[in-house]
Amino acid sequence: MKYLQQTRNITLILDVDDPIKTQWWVDAAYAVHPSMKGHTGGVMSLGRGAVYSTVNTQKLVTRSLTECELVGLHDVMPQIIWTNNFLTAQGFVMDSAR
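Given the structure is predicted, the values throughout are model-derived calculations rather than measurements. (Residues numbered from 1 in each chain as written. Predicted model: local features only at pLDDT ≥ 70, side-chain atom pairs only at ≥ 80, totals over all residues. Heavy atoms only, no water.)

**Q** Would you mind going over a nonpolar patch on the surface in detail, with residue names and values included?
**A** A cluster of nonpolar side chains, contributed by Met1, Tyr3 and Leu4, occupies part of the molecular surface with about 430 Å² of accessible area. Along the chain, tyrosine 3 turns up in helix 1 (residues 2-6). (Patch = residues over 30% accessible without salt bridge, like charges linked within 9 Å, V, L, I, M, F, W, Y side chains within 5 Å. Areas by Shrake-Rupley, 256 points an atom, 1.4 Å probe, with all protein chains shown as cover. Salt bridge = Lys/Arg side-chain N within 4 Å of Asp/Glu carboxyl O. Helix = DSSP H or I, 4+ residues; strand = E, 2+ residues; numbered from the N terminus.)

Okay, here's the thing in structure tokens:
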């Protein structure tokens, strides 16, 4: 609560690039839960500021950090594909990946 009280005057700034360019960041943490499952997080931006974020416990126990990262990407990939298809269907021209 102290953080929220001290930062209540900081404004959230969102801005969209033209053409729309979705940027995603996905990360995973290996064996951080008592069950030894990993944790996945993903964030999407359309230019400046995060417009979507997700976090969840992975559904299976992985044997390495690399496998944990792959499972994390696999968990977020459906949302990445859906978002791209949705924005394209709305008529937005998507910037190609580099």
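**Q** Tell me about the nonpolar core, and please be specific about residues and values.
**A** Ranked by size, the top nonpolar core spans 8 residues in total: Ile20, Trp24, Met44, Leu46, Val76, Ile80, Leu87 and Met94. Here this core gets 3 residues from one element, more than from any other, and that element is helix 2 (residues 65-89). Not counting chain neighbours up to four residues away, the residues in contact with leucine 46 comprise Asp15, Val16, Asp17, Ile20, Lys21, Thr22, Val51 and Leu87. (Core = buried A, V, L, I, M, F, W, Y, C linked by side-chain atoms within 4.5 Å. Buried < 20%, exposed > 50% of the residue type's maximum accessible area, 1.4 Å probe, protein only. Contact = heavy atoms within 4.5 Å.)

**Q** Please provide a residue-by-residue account of the sheet that holds strand 3 (residues 39-45), values included.
**A** Ordered in space as 2-3-5, the 3 strands form an open sheet in which the pairing is antiparallel. Only two strands of the sheet have a single neighbouring strand rather than two, namely strand 2 (23-29) and strand 5 (50-57). Each strand axis lies, on average, 10° off the axis of its neighbour in the sheet, ignoring direction. Judged from the 7 bridges that link them, strand 2 and strand 3 form a sheet pairing that is antiparallel. Looking at the pairing, alanine 29 lines up with histidine 39 of strand 3. In the packing of helix 2 onto the sheet, the strands contacted are strand 2, strand 3 and strand 5, and the crossing angle to strand 2 comes to about 150°. (Pairing = 2+ DSSP bridges. Axes fitted to C-alpha atoms, helices over the stretch in contact; angles between N-to-C directions.)

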